[in-house]
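Chain residues, written in single-letter form:
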Amino acid sequence: MSNKTTALFIILASIFCLTTFVEPYPFAWLIKILPMLVLIFIVSLQVIVKSSIPFVANNQTADNSGKSFIYLLIALLFSTCGDILLALGHEHFFIFGLGAFLIGHLFFIFSFKPLVKQNWLIIPLYLIPGLALFSLMDGNLNELFIPVLVYMLVLLSMAIATVLSAKINKWLVIGGISFVISDSLIGLNKFYMEIPYSHIWIMITYYFAQFCLVNGMTAASTREASYE
């Protein structure tokens, strides 16, 4: 990401984070997704660039990288849909927002492929805290018990995939962890106890997660291209 697009993303993200103190207000969902639209634009350019690179037999790096960015783009689009659904504030939209983010996480996982096996021992470091967190919330989940459990497992799988990915770099790993923190704050605030200033902490960690994941995929693509 260039300095200009990074600055634009930070400015737009900061504007929405600050406006969480005065929510609800008309068209909050639009302000919320503006930083995501910046990331979508950046990844869309990557898709166009990768698709314009001729396929070379015996060297599928560019082709695989192009598919990864297509999956990443789809992940961002579903995340943005989830943002809109959650921002609308209707209680019935929560489950649909959860579903949109779940699909987004699956496409994040697809974008991280191929996965390697050297780091399988890292899995308990993610699963144990995740299950401990879920145990705090499960008494208040009621009919949402299964959907939230499934979502949590997919979310943790996404974060774990950043570590297992052949594309692994610090941006991807930090992005996965930050996403887990953001969604954990949502869960704790909604199903366990009210967290002071939760909305701003949720959004800061969320925007940071998305920024890191896009930055990580871009860095991985640059590294792969240097091997050609």
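For the structure itself, consult the block above.
I will try to describe carefully the structure that is included in this document. All figures in this text were calculated on a predicted structure; none of them were measured in a lab. (Residues numbered from 1 in each chain as written. Predicted model: local features only at pLDDT ≥ 70, side-chain atom pairs only at ≥ 80, totals over all residues. Heavy atoms only, no water.)

**Some remarks on the overall build of the chain**
- Helix and strand counts for the chain stand at eight helices and zero strands.
- Relative to the compact-globule value of 17 Å for 228 residues, the chain shows a C-alpha radius of gyration of 18 Å, a close match.
- By its C-alpha atoms, the chain is 55 × 40 × 25 Å across when sized along the principal axes.
- Across the 228 residues that make up the chain, the buried fraction comes to 46%.
- Here the analysis covers contacts within the chain between residues at least 6 apart in sequence; of these, 78% occur between residues at least 24 apart.
- As displayed, the chain offers around 11,800 Å² of accessible surface, 72% of which is attributable to carbon and sulfur atoms.
- Measuring between centres, the 10 positive side-chain charges of the chain sit 14 Å from its 10 negative side-chain charges. (Helix = DSSP H or I, 4+ residues; strand = E, 2+ residues; numbered from the N terminus. Rg over C-alpha atoms; globule rule 2.2 N^0.38 Å. Buried < 20%, exposed > 50% of the residue type's maximum accessible area, 1.4 Å probe, protein only. Contact = heavy atoms within 4.5 Å. Areas by Shrake-Rupley, 256 points an atom, 1.4 Å probe, with all protein chains shown as cover. Lys, Arg positive; Asp, Glu negative; His and termini not counted. Charge placed at Lys NZ, Arg CZ, Asp CG, Glu CD.)

**Observations concerning the nonpolar core**
- Grouped together as the largest cluster of nonpolar side chains are 61 residues, with contacts concentrated most on Val-43, Leu-76, Phe-108, Phe-112, Phe-179 and Tyr-207.
- Of all the elements in the fold, those that place two or more residues in this core are helix H1 (3-19), helix H2 (28-51), helix H3 (61-87), helix H4 (93-112), helix H5 (123-137), helix H6 (145-164), helix H7 (170-191) and helix H8 (198-226).
- No other element matches H6, which puts 12 residues into this core.
- Excluding anything up to four places from it in sequence, Phe-108 contacts Leu-72, Ala-75, Leu-76, Ser-79, Met-158, Phe-179, Gln-210 and Leu-213. (Core = buried A, V, L, I, M, F, W, Y, C linked by side-chain atoms within 4.5 Å.)

**Focus on the packing of aromatic side chains**
- The tally for this structure, following the rule as stated, stands at 17 aromatic pairs.
- Here Phe-134 and Phe-145 contribute two aromatic rings whose centre-to-centre distance is 5.2 Å and whose plane-to-plane angle is 70°, an arrangement assigned as edge-to-face. A residue pair is termed long-range when its members are at least 10 positions apart, and Phe-134 in helix H5 and Phe-145 in helix H6 qualify at 11 residues.
- Through pairs of rings, three or more aromatic residues link up here, namely Phe-9, Phe-16, Phe-101, Phe-108, Phe-112, Trp-171, Phe-179, Tyr-206, Tyr-207 and Phe-211.
- Above the plane of the ring of Phe-94 lies Lys-190, whose end atom (NZ or CZ) is 4.7 Å from the centre. (Phe/Tyr/Trp six-rings, centres within 6.5 Å; stacked < 30°, edge-to-face > 60°. Lys NZ or Arg CZ within 6 Å of the ring centre and 35° of its normal.)

**Topic: the environment of Lys-32**
- By secondary structure assignment, the location of Lys-32 is in helix H2.
- In sequence terms Lys-32 and Phe-134 are 102 residues apart; their C-alpha atoms lie 27 Å from each other.
- With residues near it in sequence (within four places) discarded, Lys-32 still touches Phe-16, Asp-83, Leu-86, Ala-87, Met-203 and Tyr-207.

**Describing the layout of surface pockets**
- Each pocket or cavity is described by its volume, and for the largest pocket that value is around 1,200 Å³.
- Along the walls of the largest pocket sit 49 residues, with Leu-86, Phe-94, Ile-186, Lys-190 and Ile-202 positioned nearest its centre.
- With 10 residues, the top contributor of residues to the lining of the largest pocket is H7.
- Split into classes, the residues belonging to the lining of the largest pocket amount to 32 nonpolar, 11 polar and six charged. (1 Å grid on protein atoms, 1.4 Å probe; cavity = no way out; pocket = protein on both sides within 12 Å on 5 of 7 lines; lining within 4 Å. Points joined across faces, edges and corners; volume = space filled by probe spheres on them. Nonpolar A, V, L, I, M, F, W, Y, C, P; charged D, E, K, R; others polar.)

**A word on the packing of H4 against H6**
- At a closest axis distance of 9 Å, the pairing of H4 and H6 adopts a crossing angle of 25°. In terms of axis orientation, H4 runs roughly parallel to H6. Handedness of the crossing formed by H4 with H6: left-handed. Taking contact as the criterion, the partners of Ile-95, Leu-98, Phe-101, Leu-102, His-105, Leu-106, Phe-108, Ile-109 and Phe-112 in H4 are, on H6, Pro-147, Val-148, Val-150, Tyr-151, Val-154, Leu-155, Ser-157, Met-158, Ala-161 and Thr-162. (Axes fitted to C-alpha atoms, helices over the stretch in contact; angles between N-to-C directions. Parallel < 35°, antiparallel > 145°, perpendicular 65-115°, else oblique. Left-handed = near helix turned anticlockwise from the far one by under 90°.)

**What to know about the packing of H4 against H7**
- Orientation of H4 relative to H7, taken along the N-to-C sense of each, is 165°, at an axis distance of 13 Å. By the angle between their directions, the pair H4 and H7 is classed as roughly antiparallel. Handedness of the H4/H7 crossing: left-handed. Only Leu-172, Phe-179, Asp-183, Lys-190 and Phe-191 of H7 make contact with H4, whose side of the interface consists of Phe-94, Phe-101, His-105, Phe-108 and Phe-112.
- Counted by class, the contact of H4 with H7 contains seven nonpolar, one polar and two charged residues.

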